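Each chain is listed here by its residues.
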Amino acid sequence: MEPTISRSVTVPADAGTVWSWVTDLPRMGELSPENVGGRWLDGTGPALGARFRGRNVNGALQWWTRVRVVAFEPERRFAFDVRTPFGSRVSRWEYVLAPAPGGCVVTENWYRIGSWIVRKFMGPRVTGRADRPGYNVESIEYTLAALKARAEEQTAAA
């Protein structure tokens, strides 16, 4: 399956450090313009099959999602599927890390896998975003820039 949107950035941090950031979904709100975090369910934490409840905001609109980790390759690949509270598939998010001189390349992928009902009716009504792919381009670029800035801050502080 090819991603609907894919963007990459070179980050001046090793893959292990970046891995710890992208798998820390409760703190994703520090990197994302829409997600404000959430919590791991069943006391698990990031692992293959782990479940998470995500929280998102857009102005006055707030909603939560069901998340399940579907790929977990330490320091290499982390992917999770997102569903509505009713169980309808919405999307898949994926982070792929690859070594690079002075750090690593982080690729963030978004896969649109929800039904047309979710895309055309439920999604825009719940999230306030009629153009989800257009918004997600901006969101991914924001998140990748935040990852890079965090790594640069840590490098400067060291």
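For the structure, check the block above.
About the criteria used
Residues numbered from 1 in each chain as written. Predicted model: local features only at pLDDT ≥ 70, side-chain atom pairs only at ≥ 80, totals over all residues. Heavy atoms only, no water. Buried < 20%, exposed > 50% of the residue type's maximum accessible area, 1.4 Å probe, protein only. Helix = DSSP H or I, 4+ residues; strand = E, 2+ residues; numbered from the N terminus. Pairing = 2+ DSSP bridges. Core = buried A, V, L, I, M, F, W, Y, C linked by side-chain atoms within 4.5 Å. Contact = heavy atoms within 4.5 Å.

Participant: I'd like a rundown of the pairing of strand β5 (residues 77–83), residues and numbers included.
Facilitator: Counting buried residues along β5, five of its seven residues qualify, which places the element largely inside the surrounding structure. Direction of pairing for strand β4 (residues 61–73) relative to β5: antiparallel, over a ladder of seven bridges. Among the inter-strand pairings, E73 is bridged to a residue of β5, identified as R77. A loop of three residues connects β4 with β5, the two strands running antiparallel in sequence, and E75 in this loop sits at a positive phi of about 65°. By the bridge criterion, seven bridges tie β5 to strand β6 (residues 89–100) in an arrangement that is antiparallel. Bridge pairing in β6 links R77 to V96. The hairpin turn running from β5 into β6, its antiparallel successor, is five residues long, and G87 in that turn takes a positive phi close to 95°.

Participant: Please give an account of the nonpolar core that cites residues and values.
Facilitator: Ranked by internal contacts, the top residues of the largest apolar core, which has 31 residues, are V18, L25, F78, F80 and V106. If you list the elements that add at least two residues to this core, you get β1 (5–11), α1 (15–22), β4, β5, β6, β7 (103–112) and α3 (132–157). Beyond its immediate stretch of four places on either side in the chain, V106 contacts R7, S8, V9, V11, V18, Y95, V96, L97, L144 and L147.

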